[in-house]
Amino acid sequence: KTYTHFLGRYELLKPVHTSATSHVILAHDDDNILPTQVALKFFTEKDQFEREISARDGLDAAFVIPILDSYDSDIDVAFKEALQSKKFCDYKNLIVLPASDKSLHDMIVHDSLCGDMREIRVLIEQLCECLRCLHNKMKIHGDLKPLNVMKDFDGKVILIDLDASVKFGEAAGVKLSSAYLPP
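First, a word on what this report is: a plain description of the structure on this page.

Rules behind the numbers
- Residues numbered from 1 in each chain as written.
- Predicted model: local features only at pLDDT ≥ 70, side-chain atom pairs only at ≥ 80, totals over all residues.
- Heavy atoms only, no water.
- Helix = DSSP H or I, 4+ residues; strand = E, 2+ residues; numbered from the N terminus.
- Pairing = 2+ DSSP bridges.
- Contact = heavy atoms within 4.5 Å.
- Axes fitted to C-alpha atoms, helices over the stretch in contact; angles between N-to-C directions.
- Salt bridge = Lys/Arg side-chain N within 4 Å of Asp/Glu carboxyl O.
- Buried < 20%, exposed > 50% of the residue type's maximum accessible area, 1.4 Å probe, protein only.

### Concerning unusual backbone geometry
Phi angles above zero are rare outside glycine, and L7 is one such case at about 60°. Its identity as a non-glycine residue notwithstanding, D161 has a phi of 60°, on the positive side. Its place among the elements puts D161 in the loop between β10 (157-159) and β11 (166-167).

Here's what the structure looks like:
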């Protein structure tokens, strides 16, 4: 199902994930010369929105998916009106991320990943490099699970969903995930 445009820029395509505090929709960014696929992550909680942004400070975009744009309804009136017009009133903030190919969860469930030891080794090595990137900046992911490990369109593993990330020494566990107990 194709939705209408959002903010006059994003053609909403399909929802991909909903949790108690966020909603992710796959979209085309029509503001580019050629449409680019992006993921729109809407937040109900401002602190998670802010943590998602600040957690990326100093991190290499080769290991953690970068934020392309962000919107805060407390300061952006046009964004707030767009939320109301699309009946997204429960959400107050948005980050725009490059779309990824598939999650580690999808690879395990749909790609029979568990039978290919060579592929598993490559994925684990790449995941360790992603985690090393965070740990070198004295940060933990805080919500590491197969749904938050993505393969980008170049076939490289990349981390997403940093709204539970904390610095070493800070209290972890600011977010709960069903069926997992990260970190």
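Next comes the rest of the write-up.
### Overview of the sheet that holds strand β4 (residues 36-43)
Within the open sheet, the six strands sit side by side as β1-β2-β3-β4-β6-β5. Their pairing is antiparallel. Looking at which strands have only one partner, the edges of the open sheet turn out to be β1 (5-6) and β5 (69-72). Across eight bridges, the pairing between strand β3 (residues 22-29) and β4 is antiparallel. Paired with I25 across the two strands is L40, which belongs to β4. Its contacts with the sheet place helix α1 (residues 46-54) against β4, β5 and β6 (93-98), and it is angled at close to 30° to β6.

### So, the pattern of salt bridges
Summed over all chains, the structure comprises 14 salt bridges. Between R9 and D31 there is a salt bridge, with the nearest N and O atoms lying 3.8 Å from each other. Note that R9 is positioned in the loop between β1 and β2 (10-18) and D31 in the loop between β3 and β4, a separation of 22 residues in sequence. For R132, the salt bridge identified is with E129, shortest N-O distance 2.7 Å. You can see R132 and its partner E129 sitting in helix α4 (residues 117-136), three residues apart, about one turn around the helix. R132 sits in the partly exposed class, given a relative accessible area of 44%. Looking at E129, the relative accessible area reads 33%, which means it is partly exposed. What emerges from the salt-bridge pattern is a single network uniting K41, E52, R56, D161 and D163.

### So, the sheet that holds β10
Pairing in this open sheet of three strands is antiparallel, and the strands run β7-β9-β10 from one edge to the other. Single-partner strands in this sheet number two, and they are β7 (102-103) and β10. Summarising the sheet, strand β9 (residues 149-151) and β10 pair through three bridges and their orientation is antiparallel. Bridged to K151 within β10 is V157. The strands touched by α4 are β9 and β10; relative to β10, the strand with the most contacts, the crossing angle is about 35°.

Any functional reading would require information beyond the geometric quantities listed.
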